[in-house]
Amino acid sequence: MANRELSKAEWLDKAEAYCARAEHCAADVRRKLFEWGAPADLFDEIGQSLYANDFLNDDRFCHAYVHDKLEYQSWGKLKIQAGLRALQLPESSIREALDSIDETDYFRILTRLIDSSGREGDRLLRFLLQRGFSYDDIRNQLKTES
């Protein structure tokens with residue numbers, strides 16, 4: 001790109017293209033705009049436009065985040081919730097996305113981790129707690145498997 005400053009419309013186009021490729025949240029877009037060198041005074045205006053044109057949607061992002069972290073990284077609800085809160089997303093969107101988790105799938109993933117970890121006792125418990133599963137869910141699942 002030439003050494004010229006981009007207009008507000010060009011920054012918006014660039015942000016829209018970024019959002020069109022994958023699901024992102026406002027924090028992701030702000031970080032990307034900063035990395036690209038966009039003027040900080042445009043961040044809020046661009047964010048508002050992205051929300052208005054549905055390039056950003058907190059509910060949609062939370063659902064996608066929950067799905068991906070659960071299915072692909074085998075995170076528990078607590079770790080997923082912490083990740084979403086770190087992105088400063090609305091608590092109502094976080095709660096709705098977490099409530100949409102199918103319990104059968106959730107415990108299938110927990111069972112798979114228990115079976116494949118090769119750990120036992122306290123090491124297994126610490127491993128599963130670090131993955132974001134609650135102590136009660138772990139205890140109940142271990143009782144079910146016994």
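A brief report on the enclosed structure follows. A quick note: this is a predicted structure, and the numbers were derived from the prediction, not measured.

## Concerning the overall build of the protein chain
Line of reasoning, step 1. Broken down by element type, the protein chain carries 9 helices and 0 strands.
Line of reasoning, step 2. The order of α-helices and β-strands along the protein chain, N terminus first, is α-α-α-α-α-α-α-α-α.
Line of reasoning, step 3. Its C-alpha atoms give the protein chain a radius of gyration of 20 Å, clearly above 15 Å, the size a compact globule of 146 residues would have.
Line of reasoning, step 4. Oriented by its inertia axes, the alpha-carbon framework of the protein chain measures out at about 65 × 30 × 20 Å.
Line of reasoning, step 5. Sequence-distant contacts, at least 24 apart, represent 60% of the contacts inside the protein chain between residues at least 6 apart.
Line of reasoning, step 6. Carbon and sulfur atoms provide 49% of the accessible area of the protein chain, an area that totals close to 8,800 Å².
Line of reasoning, step 7. Measuring between centres, the 21 positive side-chain charges of the protein chain sit 6 Å from its 27 negative side-chain charges.

## Section: the side chain of D58
Line of reasoning, step 1. Positionally, D58 belongs in helix α4 (residues 58-73).
Line of reasoning, step 2. Buried charge without a partner: D58 forms no salt bridge, and the closest opposite charge is R60, 8.9 Å away.
Line of reasoning, step 3. Filtering out sequence-adjacent residues up to four positions away, D58 remains in contact with Y51, L89, P90 and S93.

## What about the packing of helix α1 (residues 8-21) against helix α2 (residues 26-36)?
Line of reasoning, step 1. Relative to each other, α1 and α2 sit at 130 degrees, their axes nearing to 11 Å. By the angle between their axes, α1 is oblique relative to α2. Crossing of α1 over α2 shows right-handed handedness. For the pair α1 and α2, contact is made by W11, K14, A15, Y18 and C19 and by D28, V29, K32, L33 and W36, respectively.
Line of reasoning, step 2. In terms of residue class, the contact of α1 with α2 is built from 7 nonpolar, no polar and 3 charged.

## Examining the nonpolar core
Line of reasoning, step 1. I80, L84, L89 and L128 are the most contacted members of the largest nonpolar core, which totals 25 residues.
Line of reasoning, step 2. Going through the elements one at a time, α4, α5 (77-86), α6 (91-99), α7 (103-116) and α8 (121-130) are the ones with two or more residues in this core.
Line of reasoning, step 3. Counting residues in each nonpolar core, the second largest holds 13 residues, with L6, W11, C19 and L42 among its members.

## What about unusual backbone geometry?
Line of reasoning, step 1. For S74, which is not glycine, the phi dihedral falls at a positive 55 degrees.
Line of reasoning, step 2. Here S74 lies in the loop between α4 and α5.
Line of reasoning, step 3. When its relative accessible area of 6% is taken as the criterion, S74 is described as buried.
Line of reasoning, step 4. Its identity is not glycine, yet Q88 carries a phi of approximately 60 degrees, on the positive side.
Line of reasoning, step 5. Tracing the backbone shows Q88 in the loop between α5 and α6.
Line of reasoning, step 6. Among the residues examined, Q88 registers a relative accessible area of 71% and is labelled exposed.

## Quick word on the environment of W36
Line of reasoning, step 1. Of note, W36 is situated in helix α2.
Line of reasoning, step 2. The spacing of W36 and K14 is 22 residues in sequence and 9.7 Å in space, taken between C-alpha atoms.
Line of reasoning, step 3. Apart from residues lying up to four places away in sequence, W36 is in contact with W11, K14, A15 and Y18.

## Some thoughts on the environment of E103
Line of reasoning, step 1. Mapped onto the fold, E103 is located in helix α7.
Line of reasoning, step 2. A relative accessible area of 39% places E103 in the partly exposed class.

Criteria and cut-off values
- Residues numbered from 1 in each chain as written.
- Predicted model: local features only at pLDDT ≥ 70, side-chain atom pairs only at ≥ 80, totals over all residues.
- Heavy atoms only, no water.
- Helix = DSSP H or I, 4+ residues; strand = E, 2+ residues; numbered from the N terminus.
- Rg over C-alpha atoms; globule rule 2.2 N^0.38 Å.
- Contact = heavy atoms within 4.5 Å.
- Areas by Shrake-Rupley, 256 points an atom, 1.4 Å probe, with all protein chains shown as cover.
- Lys, Arg positive; Asp, Glu negative; His and termini not counted.
- Charge placed at Lys NZ, Arg CZ, Asp CG, Glu CD.
- Buried < 20%, exposed > 50% of the residue type's maximum accessible area, 1.4 Å probe, protein only.
- Salt bridge = Lys/Arg side-chain N within 4 Å of Asp/Glu carboxyl O.
- Axes fitted to C-alpha atoms, helices over the stretch in contact; angles between N-to-C directions.
- Parallel < 35°, antiparallel > 145°, perpendicular 65-115°, else oblique.
- Left-handed = near helix turned anticlockwise from the far one by under 90°.
- Nonpolar A, V, L, I, M, F, W, Y, C, P; charged D, E, K, R; others polar.
- Core = buried A, V, L, I, M, F, W, Y, C linked by side-chain atoms within 4.5 Å.

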